[in-house]
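Spelled out from the first residue to the last, the chains are:
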Amino acid sequence: MNKKMVDIKKQIKFLMLLIPSMIIGFATTMISTNADSGYTVVKKIVGNNPNSAYHLISKSKNIYLWNSNHTKVKANLKHYKNYSWRYYDQSVILSHNSKKSVYYYVQGITPNGNEGSKLQGIVWHGSLTPGVNPNYQQLNNINFRYFNTDKEYLNYIQKSPSQKLTRKVLKLFPNTQLSIQLTKAAGGASAWDFNDPTVNGYKDFLEFPTAQKYFNKRFYKRNISDNARFKLIKSALDKSGYDQTKRTALDQYQIGIYYYSNPHRLITDEAPGFTIGIPE
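A quick note: this is a predicted structure, and the numbers were derived from the prediction, not measured.

Comments concerning the overall build of the protein
So, step 1. Across its full length, the protein carries seven helices and twelve strands.
So, step 2. Burial analysis of the protein (280 residues in total) assigns 44% to the buried set.
So, step 3. A fraction of 63% describes how many contacts in the protein between residues 6 or more apart in sequence connect residues 24 or more apart.
So, step 4. Approximately 15600 Å² of the protein is accessible, and the part contributed by carbon and sulfur atoms is 53%.

Below you can see the structure in the form of structure tokens.
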């Protein structure tokens, strides 16, 4: 074998030894690049109000939901335009290129009120604005605790397909102001559900136990229509001594109210219905 052939074999052998090292090194570089987004966690902040909702400031822009370390995109939120986003009052401050930014930990609330969505992670706080998604025509069975103002809650009741019965009951009390504060203060329970109903900030409650039971699908026939349920409620109110004339005169009172058209949205400590009282 001549010297030239020997040299060629040596070169091939060297390359064969080198290639695996190159592959390992390249793979290690790729793994490192994928795992390091350039963001570092500066501080985590935990509050005590886990029941606030946000919605996107834009339905057309790319807004990304990240995992908690900002290393992986979990979803582009523009594809979930009718979702609301439950903010757990937990946030994280991230640093990137010497700039700090605040991200909120959120979980999706589906248009049908499911709060257990698998969509959860962190999103830049500037992409969100307070309040339930205002596309109320597409929302159903949203929990009352996510609404911030009387106007927001009334708009939802007026437009949501799930709130047909609520709209009808409110018309029975035309001069009684809807109050999200009273709805929340009652803790999601109608006054008749208390042995001695007390709600902070209110007095002189009116109780209608014979009417209230028809509002709650856990207590009375899940499968009857909202129209049939409304007729039973109105009849019970009339028989209790509060006919339309007397109901119209309740202009000093406020009403807290909520209803789920889907009985599966109910949990054991909720009693849908309405609470009527006078602000102190």
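Some points on the sheet that holds strand S11 (residues 254-258)
So, step 1. In space, the four strands of this open sheet follow the order S9-S11-S12-S10, with mixed pairing throughout. Edge positions in the open sheet fall to strand S9 (177-178) and strand S10 (202-206), since each of these has one partner strand only.
So, step 2. One ladder, built from five bridges, connects S11 with strand S12 (residues 273-279); its direction is antiparallel. Counterpart to Ile257 in the pairing with S12 is Phe274.
So, step 3. Contacting S9, S11 and S12, helix H3 (residues 164-171) crosses the sheet at an angle of about 160 degrees to S11.

A word on helix H2 (residues 150-159)
So, step 1. All of the buried residues along H2 are Glu152, Tyr153, Tyr156 and Ile157. Down the axis of H2, the smallest arc covering the buried residues is 130 degrees, so these residues share one side.
So, step 2. On the buried face of H2, the contacting elements are H3, S9, helix H4 (180-185) and S11.

Some thoughts on the confidence of the model for the protein
So, step 1. Scored by pLDDT, the protein has a mean of 84; 80% of the residues are at 70 or more.
So, step 2. For residues 18-36, every residue scores under 50 in pLDDT, and the model assigns this stretch two contacts once sequence neighbours within four places are set aside.

Thoughts on the pattern of salt bridges
So, step 1. A complete count under the given rule lists four salt bridges for this structure.
So, step 2. Between Asp238 and Lys234 there is a salt bridge, with its nearest N and O atoms 3.1 Å apart. Taken together, the positions of Asp238 and Lys234, both in helix H6 (residues 226-239) and four residues apart, correspond to about one turn of that helix.
So, step 3. A relative accessible area of 30% places Asp238 in the partly exposed class.
So, step 4. For Arg247, the salt bridge identified is with Asp238, shortest N-O distance 2.8 Å.
So, step 5. The exposure class of Arg247 is buried, given its relative accessible area of 0%.

A few points about the layout of surface pockets
So, step 1. Of the pockets and cavities examined, the largest pocket occupies roughly 200 Å³.
So, step 2. Within the residue set of the lining of the largest pocket, elements represented by two or more residues are H2, H3 and S9.
So, step 3. Residue contributions to the lining of the largest pocket peak at five residues, all from H2.

Quick word on empty space enclosed by the protein
So, step 1. Here the structure, examined in full by the defined rule, presents two cavities of 30 Å³ or more.
So, step 2. Quantified by volume, the second largest cavity comes out at close to 40 Å³.
So, step 3. Lining the second largest cavity are Ile142, Asn143, Phe144, Tyr153, Tyr156, Gln163, Tyr258, Tyr259 and Tyr260.
So, step 4. Its residues assigned to classes, the lining of the second largest cavity comprises seven nonpolar, two polar and no charged.

Some thoughts on the environment of Trp66
So, step 1. Following the sequence through the fold, Trp66 ends up in strand S3 (residues 64-66).
So, step 2. Residue Trp66 is classed as buried on the basis of its relative accessible area, which comes to 17%.
So, step 3. Residues Trp66 and Ile122, 56 residues apart in the sequence, show an inter-C-alpha distance of 5.2 Å.
So, step 4. In this structure, Trp66 is in contact with Thr71, Lys72, Val73, Lys74, Tyr103, Gly121 and Ile122, ignoring residues within four places of it in sequence.
So, step 5. A distance of 3.5 Å separates polar atoms of two side chains, one belonging to Trp66 and the other to His70.

About the cut-offs
- Residues numbered from 1 in each chain as written.
- Predicted model: local features only at pLDDT ≥ 70, side-chain atom pairs only at ≥ 80, totals over all residues.
- Heavy atoms only, no water.
- Helix = DSSP H or I, 4+ residues; strand = E, 2+ residues; numbered from the N terminus.
- Buried < 20%, exposed > 50% of the residue type's maximum accessible area, 1.4 Å probe, protein only.
- Contact = heavy atoms within 4.5 Å.
- Areas by Shrake-Rupley, 256 points an atom, 1.4 Å probe, with all protein chains shown as cover.
- Pairing = 2+ DSSP bridges.
- Axes fitted to C-alpha atoms, helices over the stretch in contact; angles between N-to-C directions.
- Arc of directions from axis to C-beta.
- pLDDT = per-residue confidence, 0-100.
- Salt bridge = Lys/Arg side-chain N within 4 Å of Asp/Glu carboxyl O.
- 1 Å grid on protein atoms, 1.4 Å probe; cavity = no way out; pocket = protein on both sides within 12 Å on 5 of 7 lines; lining within 4 Å.
- Points joined across faces, edges and corners; volume = space filled by probe spheres on them.
- Nonpolar A, V, L, I, M, F, W, Y, C, P; charged D, E, K, R; others polar.
- Polar contact = N/O pair within 3.5 Å; in protein donor to acceptor, adjacent residues only side chain to side chain.

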